[in-house]
Amino acid sequence: AQSVTQPDIHITVSEGASLELRCNYSYGATPYLFWYVQSPGQGLQLLLKYFSGDTLVQGIKGFEAEFKRSQSSFNLRKPSVHWSDAAEYFCAVGENNDMRFGAGTRLTVKP
Amino acid sequence: GAVVSQHPSWVICKSGTSVKIECRSLDFQATTMFWYRQFPKQSLMLMATSNEGSKATYEQGVEKDKFLINHASLTLSTLTVTSAHPEDSSFYICSARVAGDLYEQYFGPGTRLTVT
């Protein structure tokens, strides 16, 4: 069965530091990959998505993600974190008319 | 574009009553809508998938008689929590998919349900 794993439940970084959030998936074929961000009590906002083509994807708010087939990963990165980036981040995979979410990674930003 | 709204944004109801949550696609037609449930500090769990004009498909373990879903038009789906109990308290999020797009979903802002 398909699965999405976000190994890190909680990450704390200092403002201005770089960020990488990990996501691994288990799928039979090339999946459609998404990263969403959720602020407390809010819905989900799409940061970026990968369907095909260039494996390095640029998103909103300065985020990017790289699809690595050999590692079954789609890690989210940002070179310099801002305090407003503190939120919950979800990796999601779509296949067969369906979408499944990882457990989420909570990002805390220290001043 | 591709905005999804939910109403109400939060609701408090007494145990045993029913609550209806609306999900609307504001600027596109959504042949498929999804309902998710999210417990505090947890991920989204898909409850059901609804296609306009047909019965919803429920995920394993979701009681279809308790969570009634109606997708009567291409812009509106409703979730009714019947005979609500405190354990039904949760954050309910809907999403909608544009006709012809197989994978990308647009999410509503969510509805916080508290059953007292």
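My aim in this report is to walk through the structure given alongside it, one point at a time. For every chain, the first residue of its written sequence is number 1, and the numbers climb from 1 along that sequence. Chain letters and ligand numbers both follow the written order, the letters beginning at A and the numbers at 1. For this predicted model, a pLDDT threshold of at least 70 governs which residues receive local features, and a threshold of 80 or more governs which side-chain atom pairs are given and counted, while totals over whole chains, interfaces and linings are taken from all residues. Processing note: side-chain calculations cover all non-hydrogen atoms of the structure and skip hydrogens and water entirely.

### Side note on the interface of chain B and chain A
Turning to step 1, where the next piece is worked out: The interface is formed by 18 residues belonging to chain B together with 22 residues belonging to chain A.
Turning to step 2, where the next piece is worked out: Within this document, salt bridges are pairs made up of a side-chain nitrogen of Lys or Arg and a carboxyl oxygen of Asp or Glu, the two lying within 4 Å of each other. Counting the contacts that link chain B with chain A gives two salt bridges.
Turning to step 3, where the next piece is worked out: A salt bridge links Glu59 of chain B to Arg100 of chain A; the nearest nitrogen and oxygen atoms lie 3.2 Å apart.
Turning to step 4, where the next piece is worked out: For the purposes of these results, a polar contact is taken to be a pair of N or O atoms within 3.5 Å, where, inside protein, one atom must be able to donate a hydrogen and its partner to accept one; residues adjacent in sequence count only when each atom of the pair is a side-chain atom. Taken together, the connections running from chain B to chain A amount to six residue pairs in polar contact (both at pLDDT 80 or more).
Turning to step 5, where the next piece is worked out: Mapped onto the side of chain B that touches chain A, the elements with two or more residues apiece are β4 (30-38), β5 (44-51) and β9 (90-98) of chain B.
Turning to step 6, where the next piece is worked out: Three categories are distinguished: nonpolar for Ala, Val, Leu, Ile, Met, Phe, Trp, Tyr, Cys and Pro, charged for Asp, Glu, Lys and Arg, and polar for the others, with Gly belonging to the last. When grouped by side-chain class, the residues that make up the side of chain B that touches chain A number 10 nonpolar, five polar and three charged. Contacts: residue pairs with any heavy atoms within 4.5 Å of one another. Here a strand is any run of E in DSSP of at least two residues, a helix any run of H or I of at least four, and the numbering for each starts at the N terminus.

### Comments concerning the side chain of Thr82 of chain B
All names here are of chain B.
Turning to step 1, where the next piece is worked out: Checked against the element boundaries, Thr82 lands in the loop between β8 (76-81) and β9.
Turning to step 2, where the next piece is worked out: Partly exposed residues are those whose accessible area sits between 20% and 50% of the maximum for their type, while under 20% is buried and over 50% is exposed, using a 1.4 Å probe and protein chains only. On the accessibility criterion, Thr82 (17% relative accessible area) is buried.
Turning to step 3, where the next piece is worked out: A polar side-chain atom of Thr82 sits 3.2 Å from the main-chain carbonyl oxygen of Asp65.

### Things to note about the state of the cysteines
Turning to step 1, where the next piece is worked out: Working definition: a disulfide is two cysteine sulfur atoms within 2.5 Å of each other. A complete count under the given rule lists two disulfides over all chains for this structure.
Turning to step 2, where the next piece is worked out: Each sulfur of the disulfide joining Cys23 of chain A and Cys91 of chain A lies 1.9 Å from the other. A torsion of -65° about the S-S bond marks the disulfide between Cys23 of chain A and Cys91 of chain A as left-handed. Of this pair, Cys23 of chain A sits in the loop between β3 (19-21) and β4 (24-26) while Cys91 of chain A sits in strand β10 (residues 87-95), and the two are 68 residues apart along the sequence.
Turning to step 3, where the next piece is worked out: Taking the relative accessible area as the measure of exposure, Cys91 of chain A reaches 0% and is therefore buried.
Turning to step 4, where the next piece is worked out: The residue that forms a disulfide with Cys23 of chain B is Cys94 of chain B, at a sulfur-sulfur distance of 2.0 Å. Taking the torsion about the sulfur-sulfur bond, which here is approximately 80°, the covalent link between Cys23 of chain B and Cys94 of chain B counts as right-handed. Remark: Cys94 of chain B occurs in strand β9 and Cys23 of chain B occurs in strand β3 (residues 19-25); sequence separation between them is 71 residues. For the pair shown, Cys23 of chain B and Cys94 of chain B are each scored as buried.

### As for the pairing of strand β6 (residues 44-50) of chain A
Residue and element names in this part refer to chain A.
Turning to step 1, where the next piece is worked out: Being paired, for any two strands, means DSSP has found at least two bridges between them. Alignment of strand β5 (residues 32-38) against β6, held across six bridges, turns out to be antiparallel. The partner of Val37 across the bridge, within β6, is Gln45.
Turning to step 2, where the next piece is worked out: If you look at the hairpin formed by β5 and β6, you'll find five residues sitting between the two strands, and Gly41 has a positive phi there, around 70°.

### Comments concerning the layout of surface pockets
Turning to step 1, where the next piece is worked out: A cavity, in this analysis, means grid points on a 1 Å lattice covering only the protein atoms where a 1.4 Å probe fits yet has no way out; a pocket is instead an open set bounded by protein on both sides within 12 Å along at least five of seven lines, and a residue lines either one if it has an atom within 4 Å of a point. Grid points are joined across faces, edges and corners, and a volume is the space filled by probe spheres set on the points. Considered as a void within the structure, the largest pocket measures approximately 320 Å³ in volume.
Turning to step 2, where the next piece is worked out: If you trace the largest pocket, you find 17 residues lining it, with Gln38, Pro40, Gly41 and Glu88 of chain A together with Lys41 of chain B closest to the centre.
Turning to step 3, where the next piece is worked out: Sort the elements by how many residues they give to the lining of the largest pocket and β10 of chain A lands first, with three residues.
Turning to step 4, where the next piece is worked out: Residues that form the lining of the largest pocket fall into these classes: seven nonpolar, six polar and four charged.

### What about the pattern of salt bridges?
Turning to step 1, where the next piece is worked out: Considering all chains together, one arrives at eight salt bridges over all chains under this definition.
Turning to step 2, where the next piece is worked out: The salt bridge involving Arg77 of chain A is made with Glu66 of chain A; its shortest N-O contact spans 3.3 Å. Residue Arg77 of chain A is located in strand β9 (residues 73-78), and its partner Glu66 of chain A is located in strand β8 (residues 64-68); the two are separated by 11 residues in the primary sequence.
Turning to step 3, where the next piece is worked out: Ionic pairing is found between Arg24 of chain B and Glu22 of chain B, a salt bridge with its closest N-O pair at 3.4 Å.

### Describing the nonpolar core
Residues and elements named next belong to chain A.
Turning to step 1, where the next piece is worked out: Nonpolar cores are built from buried Ala, Val, Leu, Ile, Met, Phe, Trp, Tyr and Cys residues. Side-chain atoms within 4.5 Å join them into one set. Counting 27 residues, the largest nonpolar core has Trp35, Leu48, Leu76 and Tyr89 as the members making the most contacts within it.
Turning to step 2, where the next piece is worked out: Contributions of two or more residues to this core are made by β2 (10-14), β3, β5, β6, β8, β9, β10 and β12 (105-110).
Turning to step 3, where the next piece is worked out: The greatest single-element share of this core, amounting to four residues, is contributed by β10.
Turning to step 4, where the next piece is worked out: Beyond its immediate stretch of four places on either side in the chain, Leu48 contacts Leu33, Phe34, Trp35, Val57, Gln58, Gly59, Phe63, Glu64, Ala65, Phe74 and Leu76.

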